[in-house]
Amino acid sequence: MTEPDPVAAASEQCQRSQKKADEDRAAFFDLCAQRVKNGVDTADTLAARSFPTAVTIRKELRVRGVEALPRGPKARKGTANG
């Protein structure tokens, strides 16, 4: 009986882990899209509570056919009086 190849076993485990991570990521962005569609959240409120940035969330929303609200106004750089 031959020993199992540890490199092949580790490679298979890595592939399974990557597939699961990809599925989890897709499920996360699907949930984000549903919440934005329903008016529960915006890309900014989602980004404040999760790992991706608002830019990434907006991009994934567009991929899923959801138009996110535009980014809020930029903060003006303060200038000293005078």
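The model shown is predicted, which means the values in this text are computed figures rather than measured ones. (Residues numbered from 1 in each chain as written. Predicted model: local features only at pLDDT ≥ 70, side-chain atom pairs only at ≥ 80, totals over all residues. Heavy atoms only, no water.)

(A) Summary view of the overall build of the protein. A tally of regular secondary structure across the protein gives 3 helices and 0 strands. Secondary structure elements of the protein, listed N to C terminal, follow the sequence α-α-α. The burial tally for the protein puts 20% of its 82 residues in the buried class. Residue pairs at least 24 apart in sequence account for 40% of intrachain contacts in the protein once pairs closer than 6 positions are excluded. (Helix = DSSP H or I, 4+ residues; strand = E, 2+ residues; numbered from the N terminus. Buried < 20%, exposed > 50% of the residue type's maximum accessible area, 1.4 Å probe, protein only. Contact = heavy atoms within 4.5 Å.)

(B) Spotlight on helix H1 (residues 6-37). Relative to the 46 Å expected for 32 residues at 1.5 Å per residue, H1 spans 46 Å between its end C-alpha atoms, a close match to the ideal helical length. Taking the backbone nitrogen of Val7 as reference, a side-chain oxygen 3.1 Å away marks Asp5 as the first, capping residue of H1. Of the residues trailing H1, Gly39 is marked for its positive phi of about 75 degrees. (Expected span 1.5 Å × (residues − 1). Polar contact = N/O pair within 3.5 Å; in protein donor to acceptor, adjacent residues only side chain to side chain.)

(C) Structural detail: the pattern of salt bridges. What the rule picks out here adds up to 7 salt bridges. As a salt-bridge pair, Asp44 and Arg58 come within 2.9 Å of each other at their nearest N and O atoms. With Asp44 in helix H2 (residues 43-48) and Arg58 in helix H3 (residues 54-63), this pair connects stretches of sequence that are 14 residues apart. Residue classification places Arg58 among the buried positions, given a relative accessible area of 9%. As a salt-bridge pair, Arg64 and Glu60 come within 2.7 Å of each other at their nearest N and O atoms. (Salt bridge = Lys/Arg side-chain N within 4 Å of Asp/Glu carboxyl O.)

(D) How the structure looks around the packing of aromatic side chains. A complete count under the given rule lists 3 aromatic pairs for this structure. Between the aromatic rings of Phe28 and Phe51, the centroid separation amounts to 5.1 Å while the plane-to-plane angle is 40 degrees, which identifies the pairing as tilted. Note that Phe28 is positioned in helix H1 and Phe51 in the loop between H2 and H3, a separation of 23 residues in sequence. The exposure class assigned to Phe28 is partly exposed, which follows from its relative accessible area of 22%. Looking at Phe51, the relative accessible area reads 61%, which means it is exposed. By the ring-pair criterion, three or more aromatic residues cluster together here, those being Phe28, Phe29 and Phe51. (Phe/Tyr/Trp six-rings, centres within 6.5 Å; stacked < 30°, edge-to-face > 60°.)

(E) Up close: the confidence of the model for the protein. In the predicted model, the protein carries a mean pLDDT of 87, and 80% of its residues have values of at least 70. Within the protein, H1 carries the highest mean pLDDT (95), whereas H2 carries the lowest (93). (pLDDT = per-residue confidence, 0-100.)

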